[in-house]
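Topology and contacts: notes
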Amino acid sequence: MPSIDLTGKVAVVTGGGRGLGLAYARSLAAHGASVVVNDIDGAVAEAAAKSLTEAGGTAVAEPAAVGTAQAADRLVARAVETFGRLDVLVTNAGILRDKVLWKMTDDDFDAVVTTHLRGTFTCARAAAVRMREQGEGGTLVLVGSPAGQRGNFGQTNYAAAKAGIVAMARTWSLELARAGIAVNAIVPVAATAMTETIPAFAPYVEALRNGEPLPDFLRKGEGFGTPEDCAALVPFLASDAARGITGQAIGIGGDKVTLWSHPREIRAAYADGGWTAEALAGVWHTSVGAEPETAGIPAPKLPEA
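Here the structure is a predicted model, which is why all the values come from computation and not from measurement.

1. A few points about the pattern of salt bridges
Applying the stated rule across the entire model yields 13 salt bridges. One salt bridge in this structure joins Glu62 and Arg74, with 3.0 Å as the shortest N-O distance. Here Arg74 lies in helix H3 (residues 69–83) and Glu62 lies in the loop between strand E3 (58–61) and H3, a separation of 12 residues in the sequence. By relative accessible area, which is 41% here, Arg74 ends up partly exposed. Here Glu206 and Arg209 are joined by a salt bridge, their closest N and O atoms 2.5 Å apart. Placement of both Glu206 and Arg209 in helix H7 (residues 202–209) is noted, with a separation of three residues, approximately one turn of the helix. According to the relative accessible area criterion, Glu206 is partly exposed, its value standing at 35%. Look at the salt bridges and you will find they share partners, linking Asp216, Arg219, Lys220, Asp229 and Asp255 into a network.

Here it is in structure tokens:
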């Protein structure tokens with residue numbers, strides 16, 4: 001197997017103070033990258049950076065609430081001022097404000113879209129500007145979610161933002177290809193404070209916290225594991241071993257890694273001269289709509305009690 005060595009590379013990880021973000025930062029540092037750890041909580045960011053350096057890595061903290069251009073510029077500037085360059089950006093920062101459509105407020109919607117979607121946009125833009133100036137390529141890793149791929153009850157804001165992030169990854173992979181900048185979305189599934197709110201997963205997350213391993217039906221069947229199980233994908237995508245991989249949505253969790261399909265037409269029907277509403281009604285259920293697509297994240301297949 002090829003060796004993954006990121007010595008000399010510099011990475012920024014947003015939302016890197018805890019959970020999946022911290023796992024990404026640790027994995028990057030363990031493979032030799034210097035890391036700027038961002039978190040909205042300064043104490044959390046400092047503690048995370050300290051844990052990386054105590055483990056033998058190189059890291060600094062840069063607290064900021066992502067979303068604004070000013071915050072994005074600060075993160076890129078910290079990387080350049082401290083380490084001289086920027087090679088990798090991981091846009092992990094996120095929040096939840098879950099409510100069903102008729103109860104979701106404008107503030108609930110705007111807060112999530114600002115952090116996830118606008119935060120990804122502003123940070124990626126600032127990073128792309130710097131990477132293009134350096135002229136040596138780079139890597140953008142945008143963090144998506146199964147909710148963005150399939151929709152999820154009570155997550156209008158989060159699902160919309162995460163779907164948009166994958167669309168931006170595909171678009172930017174085209175726009176930045178000539179500059180040698182790879183752009184991919186990752187779709188992690190892990191035991192975190194977010195997934196603990198899913199009733200089917202809650203008892204297993206609690207057991208994991210108490211030192212019990214996750215069972216195989218979760219690690220393999222559901223692709224559900226720890227944040228550390230998702231972390232290897234980030235240094236891989238940042239490495240020379242991933243050269244040429246761009247514009248992809250890659251899932252990881254537990255013992256499972258997957259490639260998500262891009263949306264595509266799956267069935268078609270034709271009518272000479274175009275369609276009328278009546279003609280559509282006459283053929284829908286026997287042609288294009290014979291096997292409708294599902295919506296929502298499938299319920300976990302738990303073993304029978």
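From this point, things continue past the structure.
2. Focus on the pairing of strand E5 (residues 138–143)
Among the six residues in E5, six count as buried, and that is most of the element. What you see with E5 is no split at all: Gly138, Leu140 and Leu142 on one side and Thr139, Val141 and Val143 on the other are buried throughout. Bridge count for strand E4 (residues 88–91) against E5 is four bridges, and the pairing is parallel. Among the inter-strand pairings, Val90 is bridged to a residue of E5, identified as Val141. Following the backbone out of E4, through helix H4 (residues 106–134) and into the adjacent parallel E5, one traces a crossover that is right-handed. Pairing of E5 with strand E6 (residues 181–188) involves six bridges; the strand directions are parallel. Bridged to Thr139 within E6 is Ala182.

3. Details of the packing of aromatic side chains
Two aromatic rings, taken as a pair, are described by how far apart their centres are and by the angle between their planes. Inspection of every chain in the model, using the stated rule, returns one aromatic pair. With centroids separated by 5.6 Å and ring planes inclined at 80°, the aromatic side chains of Tyr204 and Phe217 adopt a geometry described as edge-to-face. Within this pair, whereas Tyr204 is found in helix H7, its partner Phe217 is found in helix H8 (residues 216–221), the two being separated by 13 residues in sequence. For Phe217, a relative accessible area of 23% translates into the label partly exposed.

4. Focus on helix H1 (residues 19–30)
Along its 12 residues, H1 runs 17 Å from first to last C-alpha, staying within 8% of the 16 Å computed at 1.5 Å per residue. The element H1 is largely enclosed, with a buried count of nine among its 12 residues. Every buried residue belonging to H1 is among Leu20, Gly21, Leu22, Ala23, Tyr24, Ala25, Ser27, Leu28 and Ala29, and all of these are buried. Positive backbone phi, approximately 105°, marks Gly32, located one or two places after H1.

5. Observations concerning the packing of H4 against helix H6 (residues 156–175)
Between H4 and H6, the shortest axis-to-axis distance is 8 Å and the interhelical angle comes to 15°. Here H4 lies roughly parallel to H6, going by the angle between them. Judged by the sense of rotation from one axis to the other, the crossing of H4 with H6 is right-handed. From H4, Asp108, Phe109, Val112, Val113, His116, Leu117, Thr120, Phe121 and Ala124 reach across to H6, where they touch Thr156, Asn157, Tyr158, Ala161, Lys162, Gly164, Ile165, Met168 and Trp172.

Reading guide: rules and limits
Residues numbered from 1 in each chain as written. Predicted model: local features only at pLDDT ≥ 70, side-chain atom pairs only at ≥ 80, totals over all residues. Heavy atoms only, no water. Salt bridge = Lys/Arg side-chain N within 4 Å of Asp/Glu carboxyl O. Helix = DSSP H or I, 4+ residues; strand = E, 2+ residues; numbered from the N terminus. Buried < 20%, exposed > 50% of the residue type's maximum accessible area, 1.4 Å probe, protein only. Pairing = 2+ DSSP bridges. Right-handed = clockwise from strand over helix to strand, strands pointing away. Phe/Tyr/Trp six-rings, centres within 6.5 Å; stacked < 30°, edge-to-face > 60°. Expected span 1.5 Å × (residues − 1). Axes fitted to C-alpha atoms, helices over the stretch in contact; angles between N-to-C directions. Parallel < 35°, antiparallel > 145°, perpendicular 65-115°, else oblique. Left-handed = near helix turned anticlockwise from the far one by under 90°. Contact = heavy atoms within 4.5 Å.

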